[in-house]
Amino acid sequence: MVRAKRKLEHIEYALSTGQSRTHGFCDVAFVHQSLPNISYESISFQTEIGELALSSPIFINAMTGGGGEHTLHINAQLAQAAQQYQLAMAVGSQMAALKDSNEAASYKIVRKVNPNGIVIANLGSEATVEQAKRAVDMIEANALQIHLNVIQELTMPEGDRDFTGALKRIEQIVKHSSVPVIVKEVGFGMSKEAAEDLASVGVSTIDIGGYGGTNFAVVENERRQRVLSYFNEWGISTTSSLIEVSSTQNPLSIIASGGIQTAHDVAKALALGASAAAFAGHFLRILMQEGIEKLMEEIGLLHTDLQFIMTALGVRTITELRQVPLVIKGDTYHWLNERGIDTTIYSRR
């Protein structure tokens, strides 16, 4: 099947299957602060992911590109929103453009619309050092995402079946890249062991891509004749994955993603150790169903609500937010307990 057609099918099925909202944030509760002693106007959203300084912790994650004019139009509008609110933005996998130069315009549009913004290139773990360099150069990227999507590939009718040497290829890309490298899951979560392996080869930023948002096993099963139903509920929830990666002894920057839709989700993700929270399916649905103005409005409201929440908690900065006490319960607590992770480090800090 032609890559461009597959890209368009991914958008169609991502929208029709939706997000499960089984990310685990309902298992996380802030400890109320009756005396916050700060002003709403004193809140700062400045944060960092690795070497990148961001003016907002809200991040537009990789979605699309490589599907002709339709994906070019989507990326142009997402870039418009990123420019308006000074958000970092990642493009979808650029392998389509590396295979067919006619598709490059659907990625280059992001830099054209947002010439001074933080733009992040994207390739899969099958990429070579040379391909990584071409992807970065294509959009003058500030960083490069390498995505891990084993379950999606296995479920995809025409997907990869050989994942040998992925860590070694990532190591080579990190070693030779002129920009920071972010390694990202695509919705099945990241374990502490995987995070430690990535840190051992020089990766300093991880996007955990937890279970609970757009489910690419479900998406690919929509495209199969014989459904691999066992992959539809496969993965580590966003909250459990975030805490797993935070529990390692490595100084990693973490991007939380996987079903995040509200400022409350963002605040909880940051409090659990993330430096930024990434949106994909939620923003895509609003853009496709309600238009760019509605998406702009939603991003503005997310910032307003996050400012309210930080005021209620008595924290002025993202760094302070990562120190507030919170209580973990339910399935997330059970998972972490079974995995040997002490949740009292969050409730008693």
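Residues numbered from 1 in each chain as written. Predicted model: local features only at pLDDT ≥ 70, side-chain atom pairs only at ≥ 80, totals over all residues. Heavy atoms only, no water.

In the nomenclature of an unreviewed UniProt entry, the chain corresponds to Isopentenyl-diphosphate delta-isomerase from the organism Bacillus bruguierae. Under the Function (unreviewed entry) heading, UniProt states for the chain: "Involved in the biosynthesis of isoprenoids. Catalyzes the 1,3-allylic rearrangement of the homoallylic substrate isopentenyl (IPP) to its allylic isomer, dimethylallyl diphosphate (DMAPP)." Per UniProt, the chain has the following entry under Sequence similarities (unreviewed entry): "Belongs to the IPP isomerase type 2 family." (UniProt positions renumbered as here; feature names shortened; annotations may be inferred.)

A. Quick peek at helix α8 (residues 192-200). Lys192, Ala195, Leu198 and Ala199 are the residues of α8 that are buried. The buried residues of α8 occupy an angular sector of 120° when the element is viewed end-on, so they sit on one face. Each element contacted by the buried residues of α8 is listed here: α7 (166-176), β8 (181-185), β9 (205-207) and α10 (238-246). Remark: Gly202 follows α8 within two positions and exhibits a positive phi of approximately 100°. (Buried < 20%, exposed > 50% of the residue type's maximum accessible area, 1.4 Å probe, protein only. Helix = DSSP H or I, 4+ residues; strand = E, 2+ residues; numbered from the N terminus. Arc of directions from axis to C-beta. Contact = heavy atoms within 4.5 Å.)

B. Seen up close, the UniProt feature "binding site: substrate" (unreviewed entry) in the chain. Mapped onto this numbering, the UniProt entry annotates "binding site: substrate" (unreviewed entry) at Arg6, Lys7 and Gln152. With respect to the helices and strands, the residue Gln152 is situated in helix α6 (residues 150-155).

C. Main features of unusual backbone geometry. Of note, the phi angle at Asn37 is positive, near 60°, even though the residue is not glycine. Under the relative-accessibility criterion, Asn37 is labelled exposed at 68%. The phi dihedral of Gln86 falls on the positive side, at around 55°, and the residue is not glycine. Here Gln86 is to be found in the loop between α2 (69-85) and β5 (88-90). Judged by relative accessible area, which is 57%, Gln86 ranks as exposed.

D. Looking closely at the side chain of Ser237. Residue placement: Ser237 occurs in the loop between α9 (216-221) and α10. Judged by relative accessible area, which is 16%, Ser237 ranks as buried. Polar side-chain contacts of Ser237 include one of 3.1 Å to the side chain of Ser240. Sequence-distant contacts of Ser237, defined by excluding residues within four places in its chain, comprise Thr22, His23, Gly210 and Tyr211. (Polar contact = N/O pair within 3.5 Å; in protein donor to acceptor, adjacent residues only side chain to side chain.)

E. Fine view of the pattern of salt bridges. As enumerated under the stated definition, the model contains 10 salt bridges in all. Among the salt bridges present, the one from Arg134 reaches Glu130, with a minimum N-O distance of 3.8 Å. Within this pair, Arg134 and its partner Glu130 are both found in helix α5 (residues 129-138), separated by four residues, close to a single helical turn. What makes Arg134 partly exposed here is its relative accessible area of 36%. Here Arg223 makes a salt bridge to Glu158, at a shortest N to O gap of 2.8 Å. Placement of the pair is Arg223 in the loop between α9 and α10 and Glu158 in the loop between α6 and α7, with a sequence separation of 65 residues. The exposure class of Arg223 is buried, given its relative accessible area of 14%. Because the salt bridges share partners, they merge into one network encompassing Glu158, Glu220 and Arg223. (Salt bridge = Lys/Arg side-chain N within 4 Å of Asp/Glu carboxyl O.)

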